[in-house]
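Observations on the three-dimensional arrangement
Each chain, written out:
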Amino acid sequence: MSRPSSTAGPSPTIAQGTNSIIGTDLALRLADYVVTEAGFGFDLGAEKYFDIVAPYGGLKPRIVVLVATVARPEIPRGRRPG
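Residues numbered from 1 in each chain as written. Predicted model: local features only at pLDDT ≥ 70, side-chain atom pairs only at ≥ 80, totals over all residues. Heavy atoms only, no water.

Details of the overall build of the protein
Counting its regular elements, the protein contains two helices and two strands. The order of α-helices and β-strands along the protein, N terminus first, is β-α-β-α. Within the protein, the proportion of its 82 residues that are buried is 21%. Long-range contacts, defined here as pairs at least 24 residues apart, represent 58% of the contacts in the protein between residues at least 6 apart. For the protein, the accessible surface area stands at approximately 7,000 Å², while carbon and sulfur atoms represent 58% of it. (Helix = DSSP H or I, 4+ residues; strand = E, 2+ residues; numbered from the N terminus. Buried < 20%, exposed > 50% of the residue type's maximum accessible area, 1.4 Å probe, protein only. Contact = heavy atoms within 4.5 Å. Areas by Shrake-Rupley, 256 points an atom, 1.4 Å probe, with all protein chains shown as cover.)

Things to note about the pattern of salt bridges
Considering all chains together, one arrives at one salt bridge under this definition. Here Asp25 and Arg29 are joined by a salt bridge, their closest N and O atoms 3.0 Å apart. Highlighted residues: Asp25 and Arg29, both in helix 1 (residues 21–30), separated by four residues, approximately one helical turn. (Salt bridge = Lys/Arg side-chain N within 4 Å of Asp/Glu carboxyl O.)

Here we look at the environment of Tyr56
Mapped onto the secondary structure, Tyr56 falls in helix 2 (residues 42–57). Looking at Tyr56, the relative accessible area reads 71%, which means it is exposed. In sequence terms Tyr56 and Ile21 are 35 residues apart; their C-alpha atoms lie 8.4 Å from each other.

Some thoughts on the side chain of Thr24
With respect to the helices and strands, the residue Thr24 is situated in helix 1. Ignoring any residue separated from it by four or fewer positions in sequence, one finds Thr24 in contact with Asn19, Val34, Thr36 and Leu59.

A few points about the environment of Ser20
For Ser20, the location among the structural elements is in the loop between strand 1 (6–8) and helix 1. For the pair Ser20 and Gly57, spaced 37 residues apart in sequence, the C-alpha separation works out to 9.1 Å. Polar contacts involving the side chain of Ser20 include one to the main-chain amide nitrogen of Gly23, which spans 2.9 Å. (Polar contact = N/O pair within 3.5 Å; in protein donor to acceptor, adjacent residues only side chain to side chain.)

Right, here's the structure in full:
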């Protein structure tokens, strides 16, 4: 029987935060896989996780999910699209 997954991550108000190594280690002991949020900006949170937290904690991430937001271009006033 498969164990449930676990989520470990920082408070959503911390833009470049990462979860602790202790938290990730505990989650890995309790679940088959762990989903970690590494902040809202890849250049801060994920880079900090891959360059500092993962090597120091002996963690080897196997997959990355990158969420990107795409904004539509602004249309000048008085012009109709198309």
